[in-house]
Amino acid sequence: MWAPVCLGLGIGLYFGLPVEPTGGQVTIAMAAAGLALVAGLLAGELAGPVLLGLALVLCGGSLGWARTAWVAVPVLDFRYYGPVEGRIVGMDRSQSDAVRLTLDRVALGDMSPSRVPQLVRVSLHGDQRWLTPEPGQMVMLTAHLSPPPGPVEPGGYDFRRQAWFKRIGAVGYTRVPAFAFAPAKEGQAGLALFRTRVTLSAAIREAVPGQPGAFAAAILTGDRSAVSKDVMEDLRASNLAHLLAISGLHMGLLTGIVFAAIRGGIALVPPVALRVDGRRIAAVVALVAGAGYLALSGGNIATERAFIMVAVMLGAVLLGRRAISLRAVAIAALIVLLRRPEALMGPGFQMSFAATTALVAVFNGLRGPSAHWARWPAPVKGALTLVISSFVAGAATAPFAAAHFNRIADYGLIANLTSVPVMGMWVMPWAVAAGVLAPLGLSWLALAPMSWGCRWILGVADRVASMGGALTWVPDPGPWALPMLAMGGLVVALWRGPTRWIGVLGVMAGLVVWSGAERPAMLISDRGGLLGVMTDEGRGLSKAKGESFSAQVWLENDGDGADQLAAAERLAAGEDGVRAFTVAGVPVTHVSGRGASAKAAALCREGLLITSVDLDPVPPGPCDHWGPKRMRETGAVALTNAGTLVTVAETAGRRPWTRP
């Protein structure tokens, strides 16, 4: 059970390195892993597990290195504006709710094909009436493209790493019309499942109009493009967003319903039930249904992870072993990490396995030989199971959700208690029925009652999100708090004997570290146009509009629920685009707006001079000038409470995904 923990520790250490290891260093690490493995097999009970764990740690780091090299593709290394051609292989919506296309077979003007990214993601803004995107369609557009953006603050979330492992080499947007120059049928090779998913999603939304139909399409096909921003915010604020993502809950419900239906159907025919093992047949059919669901949903990482977990449990049924155990969870985690080691760093993996591990550990304890669980009446056990599972899963995932999304849904338990049973006992059974009836053209008979459950869930989300105090904002925990919490929780769940409770000390230490985490006294965007200065009221922003993504992330990482406009009112207005103040003992002058160059020429005095435009020449004086050109090299900048400057380039290191 500790094997995936050790493997994951090695993967985490690899991703935390400031510099990419060389092939020679990885070879040495693998040789050391081999020696540790042999020594561990020959050693006694005390040293053996330690040496085997060390071997797995070294293998985890080497696995991360190998995966990074395997997915390497060209990444755009400059800002590009010009013609873009490509085939549509992905469609979704951006944070600004614009249609977003992922293109392969990309051509960029006269650029050499060897330098062109394998995948490009472009958001469509403006009037796009001339294009109805379809999978496989060859399109042309004039777009602004740039390398995947780095963190908006030192130590922050790095989209470049995610893009690297998705093989996305450029992102951008267009404000001019996009056109199709070849029909979808000419580029449909290899996109059959994608086309089927889009077709089914459209059919579901046609049969069930409005947001219930969009919700139904999302949980059946993974297509969230029609779910509105307001609904998404309600689901997040009520801790019901997990119902929208096709993950362990959906895969477990679907395969569980299929398993129960097949096994129950066989049991109803005594001559058959006496001659065949209904459990094994049901497990095979449920496994096939799960694989079909995985393919239909687009095979994203979360769904793949859920399918692996379900496949391990159904495999245990086929082998006559216990299906739900911590060993089954460990095997699933090992498979996921071996396939996609980068998944360890994402909230999906962390929250999914945290919830599953905690649930299995708790219910194993309740069903232990000293428990009175088995003596309770079935209705009482059912109600308690719902309450306990919702509470345990919520408590296990809360630190990860708070660390990644900076929010805690205070009424999440209430929302889940009133929605998850509807999902399991009403929505998913009708979804299975819709799949069975679809070949007959009668899926609408099941989609109609299914929509009633979807409406209930969306109504609960809206109601809970509108309650006072529905959200508590949480500051960023820093780099060490979450690993300490996770390791402490793993010791409690996986260790044996009373010493397991030592893990509680790890959890408490993580919470102490989190509570003491400091936020920067000042943040500077990578363009120099936006400043965020910590005040007594919270972070004040230098402008109420523009660079809204950076502003939003800064405030969320502060644990501040204010919007950009409210945050801008906290900072005193400057005169004629010039602001001067002292932060952490450092004099700061910020110049922006029209005529910034002329105004900055006379302001190069002791301290920092930050401008939203490059100064040519840099004015004489003792100032430390930061402008767009310099920050293109360093990324965003933070001024710590100790008065030192830290840049994104320093904290992100020199890794394949950080190199321009």
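What counts, and where the lines are drawn
- Residues numbered from 1 in each chain as written.
- Predicted model: local features only at pLDDT ≥ 70, side-chain atom pairs only at ≥ 80, totals over all residues.
- Heavy atoms only, no water.
- Helix = DSSP H or I, 4+ residues; strand = E, 2+ residues; numbered from the N terminus.
- Rg over C-alpha atoms; globule rule 2.2 N^0.38 Å.
- Buried < 20%, exposed > 50% of the residue type's maximum accessible area, 1.4 Å probe, protein only.
- Contact = heavy atoms within 4.5 Å.
- Areas by Shrake-Rupley, 256 points an atom, 1.4 Å probe, with all protein chains shown as cover.
- Lys, Arg positive; Asp, Glu negative; His and termini not counted.
- Charge placed at Lys NZ, Arg CZ, Asp CG, Glu CD.
- Salt bridge = Lys/Arg side-chain N within 4 Å of Asp/Glu carboxyl O.
- Disulfide = S-S within 2.5 Å.
- Patch = residues over 30% accessible without salt bridge, like charges linked within 9 Å, V, L, I, M, F, W, Y side chains within 5 Å.
- pLDDT = per-residue confidence, 0-100.
- Core = buried A, V, L, I, M, F, W, Y, C linked by side-chain atoms within 4.5 Å.
- 1 Å grid on protein atoms, 1.4 Å probe; cavity = no way out; pocket = protein on both sides within 12 Å on 5 of 7 lines; lining within 4 Å.
- Points joined across faces, edges and corners; volume = space filled by probe spheres on them.
- Nonpolar A, V, L, I, M, F, W, Y, C, P; charged D, E, K, R; others polar.
- Expected span 1.5 Å × (residues − 1).
- Arc of directions from axis to C-beta.

Time to look at the overall build of the protein chain. Looking only at helices and strands, one finds 23 helices and 17 strands in the protein chain. Here the C-alpha atoms of the protein chain give a radius of gyration of 27 Å, agreeing with the 26 Å that 2.2 N^0.38 yields for 660 residues. If you line up the protein chain on its principal axes, its C-alpha atoms span 95 × 65 × 55 Å. Buried positions account for 45% of the 660 residues belonging to the protein chain. Within the protein chain, residue pairs in contact and separated by at least 24 positions form 63% of the contacts whose partners lie at least 6 positions apart. Summed over all atoms, the accessible surface of the protein chain reaches about 31,900 Å², with 64% contributed by carbon and sulfur. Charged side chains in the protein chain number 55 positive and 42 negative. The centres of these two groups are separated by 11 Å.

Now for the pattern of salt bridges. Per the stated rule, a full pass over the model turns up 21 salt bridges. A salt bridge links Asp92 to Arg100, with the nearest nitrogen and oxygen atoms 3.0 Å apart. The exposure class of Asp92 is partly exposed, given its relative accessible area of 28%. The class for Arg100 is buried, based on a relative accessible area of 17%. Here Glu233 and Arg407 are joined by a salt bridge, their closest N and O atoms 3.7 Å apart. Of this pair, Glu233 sits in helix 7 (residues 229–237) while Arg407 sits in strand 7 (residues 407–409); the two residues are 174 residues apart in sequence, bridging distant segments of the chain. With a relative accessible area of 37%, Glu233 lands in the partly exposed category.

For the rest of this paragraph, the subject is the state of the cysteines. The final tally for this structure, using the stated rule, is one disulfide. What pairs with Cys604 in a disulfide is Cys623, and their sulfur atoms sit 1.8 Å apart. On the S-S bond that ties Cys604 to Cys623, the torsion sits near -90°, and the link is left-handed. Pair noted here: Cys604 is in the loop between helix 21 (596–600) and strand 14 (608–611) and Cys623 is in the loop between strand 14 and strand 15 (624–626), with a separation of 19 residues, a long-range link. Given the relative accessible area of 8%, Cys604 is considered buried. Cysteine Cys6 is unpaired, with the sulfur of Cys59 as its nearest cysteine sulfur at 11 Å.

Our focus in this paragraph is a nonpolar patch on the surface. Judged by side-chain polarity, Leu268, Val269, Val272, Val276, Ile281 and Val285 come together as a nonpolar surface patch covering roughly 460 Å² of accessible area. Along the chain, Val285 falls in helix 10 (residues 278–296). With relative accessibility at 33%, the residue Val285 sits in the partly exposed group.

Turning our eyes to something else, we now look at the confidence of the model for the protein chain. In low-pLDDT segments, the atomic positions of the prediction should not be examined closely. When pLDDT is averaged across the protein chain, the result is 89; 98% of the residues are at 70 or more. For the protein chain, per-element mean pLDDT is lowest for helix 21, which scores 73, and highest for helix 1 (residues 3–15), which scores 96.

Another point: helix 7. By the burial criterion, the buried members of helix 7 are Val231, Met232, Leu235 and Ala237. In this structure, the buried side of helix 7 is in contact with helix 6 (210–221), strand 7, helix 16 (444–465) and strand 8 (471–473). Just beyond helix 7, the residue with positive phi is Asn239, at close to 60°.

Core analysis: the largest hydrophobic core is formed by 50 residues, its most contacted members being Phe215, Leu235, Met423, Val427 and Met450. Taken together, the elements giving at least two residues each to this core come down to helix 6, helix 7, helix 8 (248–267), helix 10, helix 11 (301–318), helix 15 (412–437) and helix 16. Dropping the residues within four chain positions of it, Met450 is found in contact with Ala216, Ile219, Leu220, Trp426, Val427, Trp430 and Ala431. The next biggest cluster of nonpolar side chains, apart from the first, holds 26 residues, and it includes Tyr14, Val71, Phe353 and Trp657.

A word on the layout of surface pockets. Size it by volume and the second largest pocket reaches roughly 560 Å³. What lines the second largest pocket is a set of 24 residues, and nearest its centre among them are Leu296, Ala431, Ala434, Gly435 and Val436. Every element with two or more residues in the lining of the second largest pocket is listed here: helix 5 (192–207), helix 6, helix 8, helix 10, helix 15 and helix 16. Per-element tally for the lining of the second largest pocket: the top contributor is helix 10, with six residues. Residues belonging to the lining of the second largest pocket are distributed by class as follows: 20 nonpolar, four polar and no charged.

Quick look at helix 10 now. Over its 19 residues, helix 10 extends 27 Å from the first C-alpha to the last, a length consistent with the 27 Å expected when each residue adds 1.5 Å. Residues of helix 10 that are buried include every one of Gly278, Ala282, Ala283, Ala286, Gly290, Tyr293 and Leu294, and no others. The buried residues of helix 10 all sit within an arc of 135° when viewed along its axis, so they share a single face. Residues of helix 10 that are buried make contact with helix 6, helix 8, helix 11 and helix 15. Where helix 10 ends, the next residue or the one after it, Gly298, has phi of about 100°, a positive value.

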